[in-house]
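Per-entry structural report
Spelled out, the chains give:
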Amino acid sequence: MESLLDQLDEPSKRALKEFKERVQDCTSKLLDTRDEFYLKWLIARSYSVIEAEKMFRASLAWRQANGIDDILKWTPPEVLLKYFSFGKIGYDKLYSPVYVCAQGQMDLRGILQSVTKKDFMRYQTYMTERINKEMREESLRTGENQNCQMTFIADMMGLSMRQMSYKPVMDAGREQTKNYESNYPENIRRIFIINAPKIFTVIFNIIKPFLHQATLDKMRIFGSDKEEWAAALLEEIEADNLPLHYGGTMVDPDGDPKCPSKFNMGGEVPYSYYLSNSAPVPKDYMETINIIAGAGGFKKLKYKIDVVNSILRWEFMTEGGDIGFRVYYKSDEEGIVDLVPLSRIESHLVTEEGQYICEDPGKYVVVFDNTFSILRPKKVRYYVAVDPPGSPTTAVVE
């Protein structure tokens, strides 16, 4: 497989050199320092060095804020491991690993009623980080797939409007697409979407604005004509690396043509996993605030932090439904800087926990926001702390 570096003309080589020089202060934070990795950010921003640097630094900040470098130490919820369809079936002809998702067979509605949105999104990142780690290690060992790109097959057979019309499913799909495009540029070599029904067009039009043109150019979308899409798959994947069900020759040891031993096939999530079967229990050390609905329905907790690298920690749950949550930093130079952008947290289903390393001294603000709710007030039980103990902090509820 030809490396991305082999395709560069002289202006592109100069752009790569300049980009590396501009971000050399970030080298110690990177898991991959090869030229191929740096080049991906330039490609994603059409070789604009300034825009690539903005994207790159924003992604590093996202990784730091969300603990991405340590995410593989996390144990995902059982329901995701059992019912989220995904897995590697082999390699394509350019030695990129091939992953399959039986999207249409997945009960995303059930999954998103069994885990918080935060854990669902974290699982997407967890899988991506695991794939990237495997690709880096294989590339170093074999010399193949130096671009560290994967091929992805999304099987839409069985996709239903009941699943796709569920708002949390659509919201998660948009956010997942944005996260992937912002933080994993040029991670995919080819995307095959097969058995796409008519409703797929509606879904695709929702996420399309978040896709970079380079990603759109990698996509090949097919309807239910198996002869057509199987031929397209076999152009890029050898038959012995493709399940019989998808036009190849591979079968499971028991003869199953779908090869469920290679990847999770999904399936309906049992109600026993649903979070509504249990509710979070407030801790004795938590404080309580009541937040009205509508305009004025928010509370701010302000913390003045003087010790560099103090850790701002939070833990909260709600009664009455979900709550908007945001953490930001007030800088004299930059104004308000979002650290945890405002999003609705399902803390009525499970206790929300998080932290942020405060690299700059100043004022940090934690916000609970119920302005989106027209009728329902919320009771928030919370605990916010700053470590190490003894650092000067002041909390004021407004």
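A brief report on the enclosed structure follows. All values derive from a computational prediction rather than experimental measurement. (Residues numbered from 1 in each chain as written. Predicted model: local features only at pLDDT ≥ 70, side-chain atom pairs only at ≥ 80, totals over all residues. Heavy atoms only, no water.)

Side note on unusual backbone geometry
A positive phi angle is found at Y47, which is not glycine, with a value near 65°. In this structure, Y47 sits in the loop between α2 (35-44) and α3 (49-66). We note that N145 has phi near 50°; this positive angle belongs to a residue other than glycine. On the secondary structure map, N145 appears in the loop between α6 (117-142) and β3 (150-155). (Helix = DSSP H or I, 4+ residues; strand = E, 2+ residues; numbered from the N terminus.)

Considering the pattern of salt bridges
Applying the stated criterion across every chain, the model contains 30 salt bridges. Salt-bridge contacts for K82 lead to E78; the nearest nitrogen and oxygen are separated by 3.8 Å. Pair noted here: K82 and E78 are both in helix α4 (residues 78-83), with a separation of four residues, about one helical turn. Put simply, K88 and E138 hold a salt bridge, and the shortest N to O gap is 3.9 Å. With a gap of 50 residues between them, K88 in strand β1 (residues 87-91) and E138 in helix α6 connect regions that are remote in the sequence. Under the relative-accessibility criterion, K88 is labelled partly exposed at 27%. (Salt bridge = Lys/Arg side-chain N within 4 Å of Asp/Glu carboxyl O. Buried < 20%, exposed > 50% of the residue type's maximum accessible area, 1.4 Å probe, protein only.)

Details of a negative patch on the surface
Together, D332, E333, E334, E359 and D360 make up a region of like negative charge exposed at the surface. As for its placement among the helices and strands, E333 is situated in the loop between β9 (323-331) and β10 (335-345). (Patch = residues over 30% accessible without salt bridge, like charges linked within 9 Å, V, L, I, M, F, W, Y side chains within 5 Å. Areas by Shrake-Rupley, 256 points an atom, 1.4 Å probe, with all protein chains shown as cover. Lys, Arg positive; Asp, Glu negative; His and termini not counted. Charge placed at Lys NZ, Arg CZ, Asp CG, Glu CD.)

A word on the sheet that holds strand β2 (residues 97-101)
Taken in spatial order, the five strands line up as β1-β2-β3-β4-β5 in an open sheet, and their pairing is mixed. Both outer strands of the open sheet, β1 and β5 (219-221), are each paired with one neighbouring strand and no more. The mean angle between the axes of side-by-side strands here comes to 20°, regardless of whether they run parallel or antiparallel. Bridging between β1 and β2 involves four bridges; their strand directions are antiparallel. When the bridges of β2 are listed, K88 appears paired with Y99. On top of the sheet, helix α11 (residues 226-236) reaches β3, β4 (188-194) and β5; it is set at about 160° to β4, its chief contact. (Pairing = 2+ DSSP bridges. Axes fitted to C-alpha atoms, helices over the stretch in contact; angles between N-to-C directions. Contact = heavy atoms within 4.5 Å.)

A look at the packing of helix α8 (residues 167-183) against helix α9 (residues 199-207)
The axes of two packed helices give the description: the angle between them and the distance between them. Two elements in contact, α8 and α9, have axes whose closest approach is 9 Å; the angle formed by their N-to-C orientations is 50°. Viewed along their axes, α8 and α9 adopt a mutual orientation that is oblique. The two elements α8 and α9 meet at a crossing, and its hand is right-handed. Within the contact between the two elements, α8 uses M170, G173, R174 and T177 and α9 uses I203, I206 and I207. (Parallel < 35°, antiparallel > 145°, perpendicular 65-115°, else oblique. Left-handed = near helix turned anticlockwise from the far one by under 90°.)

Some points on the packing of helix α1 (residues 10-22) against α3
At a minimum axis distance of 10 Å, the contact between α1 and α3 shows a crossing angle of 40°. The orientation of α1 relative to α3 falls into the category oblique. Between α1 and α3 the crossing geometry is right-handed. Note on element contacts: α3 touches α1 through V49, I50, A52, E53, F56 and R57, opposite A15, E18, F19 and R22. Considering only residue class, the contact of α1 with α3 consists of six nonpolar, no polar and four charged. (Nonpolar A, V, L, I, M, F, W, Y, C, P; charged D, E, K, R; others polar.)

A look at the packing of aromatic side chains
This structure, assessed with the given rule, holds 27 aromatic pairs. Through a chain of ring-to-ring contacts, three or more aromatic side chains come together here, namely F19, F37, Y38, W41 and F56. The ring of W74 has R122 lying over it, and the distance from NZ or CZ to the ring centre is 5.3 Å. (Phe/Tyr/Trp six-rings, centres within 6.5 Å; stacked < 30°, edge-to-face > 60°. Lys NZ or Arg CZ within 6 Å of the ring centre and 35° of its normal.)

Description of the pairing of β10
Sheet topology note: the β9/β10 ladder contains eight bridges and is antiparallel. If you follow S331 over to β10, its bridge partner there is G335. In this antiparallel pair of consecutive strands, β9 and β10, the connection spans three residues.

Overview of the pairing of strand β8 (residues 310-319)
If a strand is regular, its side chains alternate between the two faces of the sheet. Among the ten residues in β8, seven count as buried, and that is most of the element. Examined bridge by bridge, β8 and strand β11 (residues 352-358) share seven bridges and lie antiparallel to one another. Across the sheet, residue I311 finds its bridge partner in β11, namely I357. As judged from the nine bridges shared by β8 and strand β13 (residues 378-387), these two strands associate in the antiparallel manner.

So, the nonpolar core
With 50 residues, the main nonpolar core has F84, F86, I111, F120 and M150 as its most contacted residues. Among the secondary structure elements, those contributing two or more residues to this core are α4, β2, α5 (108-111), α6, β3, α8, β4 and α9. Ignoring sequence-local partners within four residues, the contact set of M150 consists of F86, S96, P97, Y99, I131, M135, Y180, N187, I188, R189 and R190. Counting 23 residues, the second-largest nonpolar core is a separate cluster that includes Y329, I345, C358 and V380. (Core = buried A, V, L, I, M, F, W, Y, C linked by side-chain atoms within 4.5 Å.)

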